[in-house]
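Below, each chain spelled out in residue letters.
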Amino acid sequence: LDFSWLSDPYLVLAAWAGVLSVLLVVLLAVLILSLRSATRRAETRWRAFVDQWRPLLLAAATADETVGESSFPPLRRRDRRHFLRLWLYLHESLRGDAAQRLNEAAIAVQAPHWATRLLERGSDTDRVLAALALGRLQWLPAWPQLLQATRSRDALLSVNAARALVQLDPLEGARQLLPLLLGRTDWDVSRVGDFLAGARHAFWLLLAKILPEAPPAHAARGLQLARALRLELPDSALRPMLAPTQPAAVICAALPLVARRDMAPAITPLLEHRAWRVREAAAAAMARIVMADELPLLERRLEDDRFEVRLAAARGLASLPFMDDARLRALQVSSSAGGPVLQQVIAERAQP
Amino acid sequence: VTGRMVVDFATWFVLVYFVLLNLGYLSLNLLALGSLRRDIHRKIVDELPQPFTGLEPAISLLVPAYNEEATIAASLRSMLQLAYPEFEIVVINDGSRDGTLKVLIEQFDLVLFPEAVNPRLPTQPVRGVWRSRSHPNLRVVDKENGGKADSLNAGINVARHPLFCGVDADSLLARDSLRRVVRPFLRDPRMVASGGTVRVANGCEVQAGLLTRVGLPRNPWALFQVVEYLRAFLFGRLGWSEIGGMLIISGAFGLFRTDVVVDAGGYRPKTIGEDMELVVRLHRMLRERGVDYRIEFVPDPVCWTEVPEDRRTLANQRIRWQRGLSESLAGHWRLMFSRNGGAPGWLAFPFMVLFEWLGPIVELGGYIFMAVAFASGLVSWQAFAVFLFLAIGLGILLSASGLLLEEIAFHVYPKRRHLLVLAVVVVLENFGYRQLNSWWRLVGLYRWAAQTESKWGAMKRRGLGGS
């Protein structure tokens, strides 16, 4: 078959596609080089900024007196992002007076005002930095802008705006944000747990109030956060979560919060729950509050169909102060399914 | 007339194939670019000190080991330094014939322990479970040889945590790798698996099991693989992850929900590509059940691995990978175009079949066809030249785009010399290396079809620096 270079349209098309790909390669090469050059320039500017401002901010943080505008050179507009970046880095590592002095330094360079504007109209990066800074500064006038940012689809911005609101006013922040705290599953749960530590009491109050009426998914997340914050929920909030009719995820999230002896009647039926995860969590919870006369409830779980439940029961039994090795060994001999797990926990107890 | 028809058909087929293939790659590229651009502000928050809160799920690191006496101790020391609040390491000695177990016993003060093994997945018999007296979060399962998948299943049986992470014994993990790869689980309760980017460790400086300086290898085989890994991870997997169609999570570093994997039956023993097979099976199972789930890719460079530096080892590795791909796809045809198939069934699976599985046949077939047709006068020299020009031009374009994504997001290779070397490799790999790769993949396809027995992939290693 004789292709003619100029007459065959497919060949010409393929040739042009080849030319286009070469042109695109050249374009990519230019892009890569310009990106590298831009990155280098940005790094140089950042280093120069850090060299100049780090000593100033550290001096401000350790100053005995209030720092004022005269302590700092004028901050150029293009350096604002750098300032927030460095200031936040230092702030996240400091507490007490040093953090207060850093706040004064930020106020001295008018940071609250331009950070509020950045939060409204900046790039994605600027908005996150501004939200973080306004929270650290406890700048109340930025409340509406931060509240607006919590509704952003950008999970990173919205969760950090929520954090800022809780820093500004723990009670009001937790109150206004509660539906989002429990409902926005795209918010990093670990980050939420971190900033809620500053609003433990407020969160406790609100959670205790809404928990009985909350939809299961919200309840499970609320209980998960309560556990991370080591909150002790009142009976009126916790007991309904342990009802066998609740979804297994809710019961499993509630059981680790059980710490009082009077909850034992609520846990007992859960030891026979059809979901093995519930039985496993119930065995662990029961072991924390069990009395000697209730031991058969736990011992029965050594014969459970599921390995995980047997192990939780054995671990629970071994953790009891009144359960000695001799009794555990006797159980090991008498138990058919629980023998291996009891052997393991006895060995674990013997380890230093 | 018949000859003309054959040539016409072949020309059209190759043309359409190339157009579809490159449109596919272009789309993946754009998806990856969007994802990286969107996440760029995350880095600012990443560099701030962030405490652990106790809400991070505990992780079991599963490290299958077969004849790893030379490297296992250094790898474990590096893993024990990972920055994460709660994790355990379970090494599974898969009946090694060298001194792997002996090294572990001596280096980590192991004692035999009467561990009750949860028999939730069937495996080869376990000889014993050892615990370290010096590192309470380290255990070793000593078992009869059964292959990597069987070892991972044995590891799952003793894993205590809700998430497990399969790690190759020769992998170097970044200190914050667990923190990074667990993030998708923290911000989406539907997450069932996440995988991280694997980079080439050859040429890098390693001290005390930690990567201290990034560099490029001098060995040309390893250099070609640096570019390949950039391409495969940065736009391949990230692009698929964007639309929920990721079918592969590297066995070198992947995080999974333990209960979901157990529910799926664990890793399939006697498979070569157990990592891909599991992910494809998870997609199929969860879609058939109508479960709302997510499998996500974390583009951060979290795991560094030593790649082969000689032709023979590399050939064996690629043959195995192609066999693994074939097994994974062949076992799950029903996912393709299934009613609930979604992006995995309607896009990723057909793409894999067409361009990854059958790719070597079409690619090498295309080269051979054009060469034969040219030699026998069936196509003009212009047509032959244009074919080569286009194939090579597009190949360079795809690799260069991987380099661009790397430059935008990570900038891991900081020196100007690195960039220059990588640029040269991006061009050179299209003259011989890619074709050789296609050949190896073709051999892999043949061996899969011939059903030859699978074994652990032995790899000749130079080692990754002092431990």
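Residues numbered from 1 in each chain as written. Chains lettered and ligands numbered in written order. Predicted model: local features only at pLDDT ≥ 70, side-chain atom pairs only at ≥ 80, totals over all residues. Heavy atoms only, no water.

Trainee: I'd like a rundown of the overall build of chain A, residues and numbers included.
Mentor: Within chain A, the secondary structure is distributed over 19 helices and 0 strands. Computed over the C-alpha atoms, the radius of gyration of chain A is 30 Å, more than 25% above the 20 Å expected from 2.2 N^0.38 for a compact globule of 352 residues. If one aligns the C-alpha atoms of chain A with their principal axes, the spans along those axes are about 90 × 85 × 45 Å. Burial analysis of chain A (352 residues in total) assigns 51% to the buried set. Sequence separation of at least 24 residues holds for 66% of the intrachain contacts in chain A that already meet a minimum separation of 6. A total accessible area of about 16900 Å² is found for chain A, and carbon and sulfur atoms account for 57% of it. The centroid of the 44 positive side-chain charges in chain A is displaced by 4 Å from the centroid of its 36 negative side-chain charges. (Helix = DSSP H or I, 4+ residues; strand = E, 2+ residues; numbered from the N terminus. Rg over C-alpha atoms; globule rule 2.2 N^0.38 Å. Buried < 20%, exposed > 50% of the residue type's maximum accessible area, 1.4 Å probe, protein only. Contact = heavy atoms within 4.5 Å. Areas by Shrake-Rupley, 256 points an atom, 1.4 Å probe, with all protein chains shown as cover. Lys, Arg positive; Asp, Glu negative; His and termini not counted. Charge placed at Lys NZ, Arg CZ, Asp CG, Glu CD.)

Trainee: I'd love a proper account of the pattern of salt bridges, names of residues and values included.
Mentor: Scanning all chains against the criterion turns up 59 salt bridges over all chains. Close ionic contact of Glu106 of chain B with Lys102 of chain B constitutes a salt bridge, the shortest N to O distance being 3.5 Å. Here the residue Glu106 of chain B and the residue Lys102 of chain B both occupy positions in helix α4 (residues 100-108), the gap between them amounting to 4 residues, near one helical turn. On the basis of relative accessible area, Glu106 of chain B is assigned to the exposed category, the value being 55%. For Lys102 of chain B, a relative accessible area of 55% gives the class exposed. Among the charged side chains, a network of salt bridges with common partners joins Arg315 and Glu348 of chain A together with Glu88, Glu115, Arg131, Arg139 and Arg160 of chain B. (Salt bridge = Lys/Arg side-chain N within 4 Å of Asp/Glu carboxyl O.)

Trainee: Describe empty space enclosed by the protein, naming the residues involved and giving the relevant values.
Mentor: Tallying each qualifying case throughout the model produces 4 cavities of 30 Å³ or more. A volume near 280 Å³ is recorded for the largest cavity. Surrounding the largest cavity, 22 residues form its lining, Asp188 and Arg191 of chain A together with Gln50, Arg183 and Leu186 of chain B being those nearest its centre. For the lining of the largest cavity, the elements supplying multiple residues, two or more each, are α7 (155-168) and α9 (189-196) of chain A together with α2 (42-46) and α6 (177-186) of chain B. It is α6 of chain B that provides the largest number of residues to the lining of the largest cavity, a total of 4 residues. (1 Å grid on protein atoms, 1.4 Å probe; cavity = no way out; pocket = protein on both sides within 12 Å on 5 of 7 lines; lining within 4 Å. Points joined across faces, edges and corners; volume = space filled by probe spheres on them.)

Trainee: How would you summarise the pairing of strand β1 (residues 59-65) of chain B if you had to cite specific residues and measurements?
Mentor: Residue and element names in this part refer to chain B. Within β1, 7 of the 7 residues are buried, which leaves it mostly tucked inside the rest of the structure. Burial along β1 is two-sided: Ile59, Leu61, Val63 and Ala65 facing one way and Ser60, Leu62 and Pro64 facing the other are all buried. In this sheet, strand β2 (residues 87-94) lies alongside β1 in parallel orientation, the contact comprising 7 bridges. Bridge pairing in β2 places Ile59 opposite Phe87. Where the polypeptide runs from β1 across helix α3 (residues 72-80) and back to β2, its parallel neighbour, the crossover connection is right-handed. In this sheet, strand β6 (residues 163-167) lies alongside β1 in parallel orientation, the contact comprising 4 bridges. Across the sheet, residue Ser60 finds its bridge partner in β6, namely Phe164. (Pairing = 2+ DSSP bridges. Right-handed = clockwise from strand over helix to strand, strands pointing away.)

Trainee: Explain the side chain of Gln382 of chain B to me, using residue names and the numbers behind them.
Mentor: All names here are of chain B. For Gln382, the position within the fold is in helix α13 (residues 381-409). Looking at Gln382, the relative accessible area reads 18%, which means it is buried. Here Trp381 takes part through its side chain, which lies 3.5 Å from a polar atom of the side chain of Gln382. (Polar contact = N/O pair within 3.5 Å; in protein donor to acceptor, adjacent residues only side chain to side chain.)

Trainee: Run through the packing of helix α8 (residues 170-183) of chain A against helix α11 (residues 216-228) of chain A, naming residues and quoting values.
Mentor: All names here are of chain A. Here α8 crosses α11 at 100°, and the two axes come no closer than 8 Å. With respect to each other, α8 and α11 are oriented roughly perpendicular. Between α8 and α11, the contacting residues are Pro179, Leu181, Leu182 and Gly183 on the first element and His218, Arg221, Gly222 and Leu225 on the second. Looking at side-chain class alone, the contact of α8 with α11 contains 4 nonpolar, 3 polar and 1 charged residues. (Axes fitted to C-alpha atoms, helices over the stretch in contact; angles between N-to-C directions. Parallel < 35°, antiparallel > 145°, perpendicular 65-115°, else oblique. Nonpolar A, V, L, I, M, F, W, Y, C, P; charged D, E, K, R; others polar.)

Trainee: An account of the interface of chain A and chain B is needed here, citing residue identities and associated values.
Mentor: Contact residues are listed per partner, giving 60 residues for chain A and 57 residues for chain B. Carbon and sulfur atoms make up 69% of the area that chain A and chain B hide from each other, which totals about 5100 Å². Linking chain A with chain B are 6 salt bridges, by the criterion used here. The closest approach of N and O atoms between Glu407 of chain B and Arg36 of chain A, which form a salt bridge, is 2.8 Å. The tally of links between chain A and chain B comes to 13 residue pairs in polar contact (both at pLDDT 80 or more). Contributing elements (two or more residues each) for the side of chain A that touches chain B: α1 (9-61), α2 (80-92), α5 (124-137), α7, α9, α11, α17 (307-319) and α19 (339-350) of chain A. (Buried area = accessible area lost by both parts, 1.4 Å probe.)

Trainee: Give me the state of the cysteines: which residues, what numbers.
Mentor: As used here, a disulfide is simply a covalent bond connecting the sulfur atoms of two cysteines. Residues and elements named next belong to chain B. The final tally for this structure, using the stated rule, is 0 disulfides over all chains. Considering cysteine sulfurs only, Cys303 is the nearest to Cys165, which forms no disulfide, with 8.4 Å between them. Assessed through its relative accessible area of 0%, Cys165 is described here as buried. Left without a disulfide partner, Cys204 is nearest to the cysteine sulfur of Cys303, which lies 12 Å away. Residue class for Cys204 comes out buried when judged on its relative accessible area of 13%. (Disulfide = S-S within 2.5 Å.)

Trainee: Summarise helix α12 (residues 359-375) of chain B; cite the residues concerned and give the values.
Mentor: Residues and elements named next belong to chain B. Taking 1.5 Å as the rise per residue, α12 with 17 residues should run 24 Å; its terminal C-alpha atoms sit 24 Å apart, in good agreement. Every buried residue belonging to α12 is among Gly359, Pro360, Val362, Glu363, Leu364, Gly366, Tyr367, Phe369, Met370 and Ala373, and all of these are buried. Packing partners of the buried residues in α12 comprise α1 (2-38), α10 (311-330), α11 (342-357), α13 and α15 (433-450). Downstream of α12 by one or two residues, Gly377 has phi in the positive range, about 80°. (Expected span 1.5 Å × (residues − 1).)

Trainee: With reference to specific residues and values, describe the packing of aromatic side chains.
Mentor: In total, this model carries 26 aromatic pairs over all chains according to the counting rule given. Measuring from ring centre to ring centre gives 5.6 Å for Trp357 of chain B and Trp448 of chain B, while their planes differ by 75°; the resulting arrangement is edge-to-face. Of the two residues, Trp357 of chain B is situated in helix α11 and Trp448 of chain B in helix α15; the sequence distance between them amounts to 91 residues. Considering the side-chain rings of Tyr367 of chain B and Phe387 of chain B, the 5.8 Å spacing of their centres and the 75° angle between planes classify their relative orientation as edge-to-face. Of the two residues, Tyr367 of chain B is situated in helix α12 and Phe387 of chain B in helix α13; the sequence distance between them amounts to 20 residues. Here Tyr367 of chain B and Phe387 of chain B have matching classes, each one buried. Ring pairing ties together the aromatic residues Phe9, Phe13, Tyr17, Tyr25, Phe235, Trp240, Phe351 and Phe355 of chain B, which thus form one cluster. In this arrangement the basic side chain of Arg85 of chain A is found over the ring face of Trp46 of chain A, its NZ or CZ atom lying 3.9 Å from the centre. For the cation-ring pair, Arg306 of chain A lies above Trp276 of chain A, with the distance from its terminal atom to the ring centre recorded as 4.2 Å. (Phe/Tyr/Trp six-rings, centres within 6.5 Å; stacked < 30°, edge-to-face > 60°. Lys NZ or Arg CZ within 6 Å of the ring centre and 35° of its normal.)

Trainee: Which residues make up the pairing of β6 of chain B, and what values do they have?
Mentor: Residues and elements named next belong to chain B. Of all the 5 residues making up β6, 5 are buried; the element is thus mostly covered by neighbouring parts of the structure. Alternating positions in β6 separate into two faces, Leu163, Cys165 and Val167 on one and Phe164 and Gly166 on the other, with burial throughout. Sheet topology note: the β6/strand β11 (residues 253-257) ladder contains 5 bridges and is antiparallel. Bridge pairing links Cys165 to Leu255 in β11.

Trainee: Which residues make up α19 of chain A, and what values do they have?
Mentor: With 12 residues, α19 of chain A ought to run about 16 Å at 1.5 Å a step, and its terminal C-alpha atoms sit 17 Å apart, in line with that. For α19 of chain A, the complete set of buried residues consists of Gly339, Val341, Leu342, Gln344, Val345, Ile346, Ala347 and Glu348 of chain A.

Trainee: Requested: an account of the sheet that holds strand β8 (residues 191-200) of chain B, with residues and values cited.
Mentor: All names here are of chain B. One open sheet accounts for 10 strands, arranged β3-β4-β5-β2-β1-β6-β11-β8-β12-β7; its pairing is mixed. What marks the edges here is a single partner per strand, and that holds for β3 (110-113) and β7 (172-173). Taken together, the 5 bridges between strand β4 (residues 126-132) and strand β5 (residues 138-143) define a ladder with antiparallel strand orientation. Its bridge partner lying in β5, Gly128 is registered against Asp142.

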